[in-house]
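Structural overview for review
Listed here are the chains, written in short residue letters.
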Amino acid sequence: MFSLFKKRKKVILCLGGGAARAIANVGVLKVLKENNIPIDMVIGASMGALVGSGYCIGRSIDYMVTLAKEFKVEKITDVAFSSQAITKGQKL
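Bear in mind the structure is a predicted one, so any value in this text is a computation, not a measurement.

Focus: the pattern of salt bridges
Side chains that differ in sign of charge can pair as their charged atoms come close. Throughout the structure, instances matching the rule amount to one salt bridge. With a shortest N-O distance of 2.8 Å, R8 and D40 are connected by a salt bridge. Here R8, found in the segment before β1 (12-15), pairs with D40, found in the loop between α1 (19-34) and β2 (41-44); they are 32 residues apart in sequence, far enough to count as distant. Owing to a relative accessible area of 48%, R8 belongs among the partly exposed residues under this scheme. Residue D40 is classed as partly exposed on the basis of its relative accessible area, which comes to 35%.

In structure tokens, the structure reads:
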């Protein structure tokens, strides 16, 4: 009877950085969704933050898989060496 009043534990997903991990992160999201595991919070570093934010705004897993397959660093970076940075940051 008391099990009816137990709160569900929160699921917090932490996604790591790096291009190879980004592809793995999309796979993790896919498996969690296929198994109906709810995600209450997403935390990500670098590419993990991009994957996590895509998920949080409602991008489909299939869409992210397509992006991962077509991923090229040149699409999201604009290298420009200066005394302040090595990228302009406009593309990202």
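After that view of the structure, there is still more to cover.
Some thoughts on the pairing of β2
The two faces of a sheet get side chains in turn, since along a regular strand they alternate between them. For β1 and β2, the ladder comprises four bridges, and the chain directions are parallel. Within β2, the position partnered with L15 by the bridge is G44. In this region the chain leaves β1, passes through α1 and returns to the parallel neighbour β2; the handedness of that crossover is right-handed.

Here's the deal with the nonpolar core
In terms of nonpolar packing, the biggest core is built from eleven residues, these being L13, L15, A22, V26, L29, L32, I39, M47, V51, I61 and M64. Counting only elements with at least two residues in this core, the list comes to β1, α1, α2 (47-56) and α3 (61-70).

A short note on the side chain of N25
Secondary-structure assignment places N25 in helix α1. On the accessibility criterion, N25 (8% relative accessible area) is buried. With near-sequence residues (within four places) excluded, N25 lies in contact with L15, G16, G48 and V51.

Here's the deal with α2
Among all positions of α2, only M47, G48, V51, G52 and G54 are buried. For α2, the buried positions fall inside an angular range of 160 degrees around the axis, keeping them on one side. Positive backbone phi, at 100 degrees, marks G58, one or two positions downstream of α2.

Section: the environment of K33
By secondary structure assignment, the location of K33 is in helix α1. In this structure, the C-alpha to C-alpha distance between K33 and I61, residues 28 residues apart in sequence, is 8.8 Å.

Structural notes on the environment of V26
In this fold, V26 is placed in helix α1. Given a relative accessible area of 5%, V26 falls into the buried group. Not counting the four nearest positions on each side in its chain, V26 is found in contact with V51, I61, M64 and V65.

Procedures and definitions
- In this convention, every chain numbers its residues from 1, walking through the sequence in written order.
- Selection of residues for local features in this predicted model requires a pLDDT of at least 70, selection of side-chain atom pairs for listing and counting requires 80 or more, and totals for whole chains, interfaces and linings are taken over all residues.
- The side-chain quantities take in all heavy atoms of the structure and omit both hydrogens and water.
- Whenever Lys or Arg places a side-chain nitrogen within 4 Å of a carboxyl oxygen from Asp or Glu, that contact is recorded as a salt bridge.
- Secondary structure elements are taken from DSSP: a helix is a run of H or I of four residues or more, a strand is a run of E of two residues or more, and numbering for both begins at the N terminus.
- The rule is simple: take the accessible area with a 1.4 Å probe, protein chains only, and divide by the maximum for that residue type; under 20% is buried, over 50% is exposed, in between is partly exposed.
- The pairing criterion is simple: DSSP has to find at least two bridges between the two strands.
- Looking down the strands as they point away from the viewer, one classifies a crossover as right-handed if the path from the first strand across the helix to the second runs clockwise.
- Definition used in this section: a nonpolar core is a set of buried Ala, Val, Leu, Ile, Met, Phe, Trp, Tyr and Cys residues joined via side-chain atoms within 4.5 Å.
- Note on contacts: a residue pair is in contact if any heavy atoms of the two residues lie within 4.5 Å.
- The arc in question is formed by the directions pointing from the helix axis toward the C-beta atoms.

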